[in-house]
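For reference, the chains in residue letters:
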Amino acid sequence: MSGTDIQVSGLAKRFAGVDAVTDVTFSARPGRVTGFLGPNGAGKSTTLRMLLGLTRPDAGTALIGGAWYRDLEEPSSTVGAVLDIAAAHPAMTARGHLRTYCALGGHEPANAARVAELTGISAYLDRRVGSFSTGMRQRLSLATALLGDPDVLVLDEPSNGLDPAGIVWLRTFLREFAAGDRTVLLSSHVLTELQHGVDDLVLIDRGHVAWEGSLAEFTAHGTSLEEAFLRLTSETASHTAPGAPGTTHAERAHA
Ligand SMILES: Nc1ncnc2c1ncn2[C@@H]1O[C@H](COP(=O)(O)OP(=O)(O)OP(=O)(O)O)[C@@H](O)[C@H]1O
Ligand SMILES: [Mg+2]
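In this text the structure is predicted, and so the values were computed from the model without any measurement. (Residues numbered from 1 in each chain as written. Chains lettered and ligands numbered in written order. Predicted model: local features only at pLDDT ≥ 70, side-chain atom pairs only at ≥ 80, totals over all residues. Heavy atoms only, no water.)

(A) Structural detail: the packing of aromatic side chains. This model, assessed by the stated rule, comprises five aromatic pairs. Through a chain of ring-to-ring contacts, three or more aromatic side chains come together here, namely Trp169, Phe173 and Phe177. Over the aromatic face of Trp169 sits the side chain of Arg139, whose NZ or CZ is 4.3 Å from the ring centroid. Just above the ring of Phe177 sits the side chain of Arg182; from NZ or CZ to the centre is 4.1 Å. (Phe/Tyr/Trp six-rings, centres within 6.5 Å; stacked < 30°, edge-to-face > 60°. Lys NZ or Arg CZ within 6 Å of the ring centre and 35° of its normal.)

Quick look at the structure:
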């Protein structure tokens, strides 16, 4: 199995007077969990939306397995995404919601029970989504993303609303998912959420990638994660990689 990667290059997006994303280049590889980390407003959601064909880039490319999202032959079997947990209709049962998305994606109805099992919501299938807690909604959104048994998962702040046990559960789930030569890209603005669960880190700050590399590399020079994160994302940051003054990893990659 060769796996399906994510390749983002020179991505840019400007909204009326706001440079949301100025130059974002990174990749996420099969078999690895990649954390997309950056402060509020850094451009994470805008980047993920461009990757998933929901926002049109002004410049650059965002490819999944070498193709734009819009050109994927079987989008929901290639990439599952959770960007917005408010998408489920409150009057529907979880089973009804999942069956609807099965039909939309052309998947077997039996997949609804399979993904409910995977995400631990089997006991809640006949409850209305409107009665779900935020954490249950997160699980339902993830279940929806898994309906097509995709090779790639893209999750925007998936830990929001999850309790500590839920966060540990998600981390374990994503690790096992990636172990099957599959690709996981998840965003967060909370460093501590990613420090245990990811293999690679892409640091985004004010619309551009400030650092990219393995988590091990990030802390290889005796710098604490928090220190490195603050240094790379603060207003006065010189945008140097931890312990490697001069150029960032991303700049070295482009040199
Ligand atoms: N539709 C839009 N119209 C105008 N400005 C936007 C739009 N979407 C995003 N922005 C702006 O672009 C910048 C990046 O926003 P984005 O939502 O991508 O950041 P983020 O990293 O996801 O932040 P957060 O951690 O708060 O979710 C912000 O300044 C935001 O206000
Ligand atoms: Mg966001």
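Still to come is the rest of the account.
(B) Inspection of the side chain of Asp199 at higher detail. Relative to the assigned elements, Asp199 resides in the loop between α7 (191-194) and β8 (200-205). For Asp199, the side chain forms a polar contact with the main-chain nitrogen of Val33, separated by 2.7 Å. Side-chain polar atoms of Asp199 contact the side chain of Arg175, separated by 3.1 Å. Leave out the neighbours within four places in its chain, and Asp199 touches Gly31, Arg32, Val33, Arg175, Ser214 and Leu215. (Helix = DSSP H or I, 4+ residues; strand = E, 2+ residues; numbered from the N terminus. Polar contact = N/O pair within 3.5 Å; in protein donor to acceptor, adjacent residues only side chain to side chain. Contact = heavy atoms within 4.5 Å.)

(C) Quick peek at the site of ligand 1. Lining the immediate surroundings of ligand 1 are Phe15, Val18, Ala20, Pro39, Asn40, Gly41, Ala42, Gly43, Lys44, Ser45, Thr46 and Glu157. Within the side chain of Lys44, an N or O atom sits 2.8 Å from an oxygen atom of ligand 1. Note that an oxygen atom of ligand 1 is positioned 2.6 Å from one of the side-chain N or O atoms of Thr46. When ligand 1 is considered free in solution it has 630 Å² of accessible area, and contact with the protein chains removes 59% of it. Mapped by element, the contributors of at least two residues to the shell around ligand 1 are β2 (18-28) and α1 (44-51). (Near = heavy atom within 4 Å. Areas by Shrake-Rupley, 256 points an atom, 1.4 Å probe, with all protein chains shown as cover.)

Keep in mind that these numbers describe shape and distance, not what the molecule does.
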